Structure formats: structure tokens, C-alpha cells
Amino acid sequence: KQEVTQIPAALSVPEGENLVLNCSFTDSAIYNLQWFRQDPGKGLTSLLLIQSSQREQTSGRLNASLDKSSGRSTLYIAASQPGDSATYLCAVRLTAGNNRKLIWGLGTSLAVNP
Amino acid sequence: GAVVSQHPSWVICKSGTSVKIECRSLDFQATTMFWYRQFPKQSLMLMATSNEGSKATYEQGVEKDKFLINHASLTLSTLTVTSAHPEDSSFYICSASLAGGVGGEQYFGPGTRLTVT
């Protein structure tokens, strides 16, 4: 059974720091992995999607890497800003085709302090 | 980009009444839509997967007669919470996948906060 774990559960950093959020999964047979951001009481915003054949994706100050063999993904946030404060969720998709179920981690709650 | 809307954004209802939540894909066609619920400080829990024109597939432990899902078109899915009770109070989020999309990316709505009194 696929399980997704995110470490740390919470993180508080001063503005400007570079930081790394970790996501691990138990079954390396994934189709893709997606990082999301959720603001309090809000829906989810997709940040980066990495297909199983890819090693990393970048968008602005965000970089996500994927190592399928070790069951790990990291989300790197450069030069963090107070506006980055949110919960970051990692989710893996197990199969291609119509069953597009995502398996979710519990998230990392990030606070960037001015 | 792909935009998904939900209506209403929040609703308060009395115990025993039914509540309908709409999920729309605004600028794309979605063959598959997903309904999640989220309790405070917890991650998303998939409730059901719906494909346009067919019956929804419910996750284990989710009562299909209580949470009615209708995916009548490629841009609209509805979730009806029937005979709501206070324990149904939660944050309900829908997501949609692009029709024919091979990337598998899901686009999420802003969520609906349901409070049952």
C-alpha cells in the first residue's frame, strides 16, 4: 500500500532563507508526483508536476526533484518570502489511465517570518 | 490556465436538510472529477471519482446514498450531502482532470466550507 510522508510537519524560517521540504513514498511505481500549496481555509494551487520519467521541474523560485528509486521528492524554495507561508502538500499518482487517484501526504506547514 | 470553480464557497444548514455543492471546470472539459473532504489540520481524503455520464466510484467507507454525485456534463459535477448531520461539517474540495490529458494533472476548486448546525 502506497504511503506518502512529509517532513517536517511544520517549519518556521526568517525571510530570505532557502529551504527544502521533503516528501517520501513507499512504492516507487508511481505515474507522477505533484506539489501543491494550500492557504488556510482555501483550496489547492498546483505548484509543480513531475512525471515519473523526469528528474526535476522548476517554476520561478521553486524547484522540485524526484528520485523514484529511493522514493523521495524535495521541494526547494529559494529566497523565501512571507507570502510563501502556507501548507505544502505532496501527492503521488499511482496509475495512468482513468483511475487517477492521488495519494496524499499530510503536508508541511510553512511560516516565513518578516 | 485551467480553472475550477465551486459554489457555494460556504454554507450553513440545519441538521436533516440536504445541501448541493457545484463544481465547474470553467475553461476546459473534464472527463473525470474528484471529490475530497478535509478536516482541520488533516490532509485531503478522496471521497469519490466521477466520470462524465457514468456512476461515481466511491472510496471505501463513503456512503453513496448520503453523498450523491452527479457528473452530468464535461464541465459540471455536483455533490449533494443528504440529510446532513453535524459530523458532515467539513471542507469539501473538488478537482478535475483534462479530457484526453496524458499528464494526469488535477486542477482544484477553492473548496466549500459546510457547517451543519
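It should be noted that the structure appears before, not after, this text.
Criteria and cut-off values
Per chain, the residues get numbers from 1 upward, laid out in the order the sequence is written. Labels are handed out in written order, letters beginning with A for the chains and numbers beginning with 1 for the ligands. In keeping with the model being predicted, local features are shown solely for residues with a pLDDT of at least 70 and side-chain atom pairs are shown and tallied solely at 80 or more, while totals for entire chains, interfaces and linings include all residues. Hydrogen atoms and water are omitted, and side-chain values are computed over all heavy atoms in the structure. Pairs of cysteine sulfur atoms within 2.5 Å are what we label disulfides. Secondary structure is summarised from DSSP: a helix means a run of H or I of at least four residues, a strand means a run of E of at least two, and numbering begins at the N terminus for each. Think of it in three bands: with a 1.4 Å probe and only protein chains considered, a residue is buried below 20% of the maximum accessible area for its type, exposed above 50%, and partly exposed in between. When DSSP finds two or more bridges between two strands, those strands count as paired. Here, axes are lines fitted to C-alpha atoms. For helices the fit covers the stretch in contact, and angles between N-to-C directions go from 0 to 180 degrees. Only buried residues count toward a nonpolar core, which is a set of Ala, Val, Leu, Ile, Met, Phe, Trp, Tyr and Cys residues joined through side-chain atoms within 4.5 Å. Note on aromatic pairs: the rings of Phe, Tyr and Trp (six-membered ring only in Trp) are paired at centre separations within 6.5 Å, and the planes decide the class, stacked below 30 degrees, edge-to-face beyond 60, tilted for the rest.

S.K.: I would appreciate a short explanation of the state of the cysteines in the present structure.
M.R.: In protein chemistry, a disulfide is the covalent bond that joins the sulfur atoms of two cysteines. Residues and elements named next belong to chain A. Per the counting criterion, the structure on display carries two disulfides over all chains. There is a disulfide in this structure between Cys-23 and Cys-90, and the S-S distance comes to 1.9 Å. Residues Cys-23 and Cys-90 are joined through a disulfide that is left-handed, its torsion about the S-S bond being -50°. Of this pair, Cys-23 sits in strand β3 (residues 19–25) while Cys-90 sits in strand β9 (residues 86–93), placing them 67 residues apart in sequence. A residue is classified by how much of its surface remains accessible, and Cys-23, at 2% relative accessible area, is buried. With a relative accessible area of 0%, Cys-90 lands in the buried category.

S.K.: Would you mind showing me how to read the sheet that holds strand β8 (residues 76–81) of chain B here?
M.R.: Backbone-to-backbone hydrogen bonds pair the strands of a sheet. The strands run either parallel or antiparallel. All names here are of chain B. Taken together, four strands build an open sheet; the order of strands is β1-β3-β8-β7 and the sheet is antiparallel. Edge positions in the sheet fall to β1 (4–7) and β7 (67–73), since each has one partner strand and no second. Averaged over all pairs of adjacent strands, the angle between strand axes in this sheet comes to 15°, irrespective of strand direction. Bridge count for β7 against β8 is five bridges, and the pairing is antiparallel. Bridged to Asn-70 within β8 is Thr-78.

S.K.: What is the right way to look at the pairing of strand β4 (residues 30–38) of chain B in this model?
M.R.: It is a general feature of regular strands that their side chains alternate between the two faces of the sheet. Residue and element names in this part refer to chain B. Here β4 lies mainly inside the structure; eight of its nine residues are buried. With eight bridges joining them, β4 and strand β9 (residues 90–98) adopt antiparallel strand pairing. What sits directly across from Met-33, in β9, is Ala-96. Bridging between β4 and strand β5 (residues 45–51) involves six bridges; their strand directions are antiparallel. Note that in β5 the partner of Thr-32 across the bridge is Asn-51. Between the antiparallel neighbours β4 and β5 lie six residues, among them Lys-41 with a positive phi of about 60°.

S.K.: Would you take a moment to explain the nonpolar core for this structure?
M.R.: It is characteristic of soluble globular proteins that their nonpolar side chains tend to be buried jointly. Residues Val-4, Trp-35, Phe-67, Leu-79, Tyr-92 and Leu-114 of chain B are the most contacted members of the largest nonpolar core, which totals 25 residues. Of all the elements in the fold, those that place two or more residues in this core are β2 (10–13), β3 (19–25), β4, β5, β7, β8, β9 and β11 (112–116) of chain B. One finds Leu-75, Ala-86, Cys-90 and Leu-110 of chain A within the second-largest nonpolar core, a separate group that totals 23 residues.

S.K.: Just checking my understanding: could you explain the packing of aromatic side chains for this structure?
M.R.: Centre distance and the angle of the planes are the two values used to describe a pair of aromatic rings. Scanning the entire structure with this criterion turns up seven aromatic pairs over all chains. Taking 5.8 Å as the distance between ring centres and 90° as the angle between the ring planes, the aromatic pair formed by Trp-104 of chain A and Tyr-36 of chain B counts as edge-to-face. Linking Trp-104 of chain A in strand β10 (residues 102–104) with Tyr-36 of chain B in strand β4, this pair reaches from one chain into another. The exposure class assigned to Trp-104 of chain A is buried, which follows from its relative accessible area of 11%. For Tyr-36 of chain B, a relative accessible area of 1% translates into the label buried. Here Trp-104 of chain A and Phe-108 of chain B contribute two aromatic rings whose centre-to-centre distance is 5.6 Å and whose plane-to-plane angle is 80°, an arrangement assigned as edge-to-face. In this pair, Trp-104 of chain A sits in strand β10 while Phe-108 of chain B sits in strand β10 (residues 106–108), so the two residues belong to two different chains. Residues Trp-104 of chain A and Phe-108 of chain B agree in their burial class; the two are buried.

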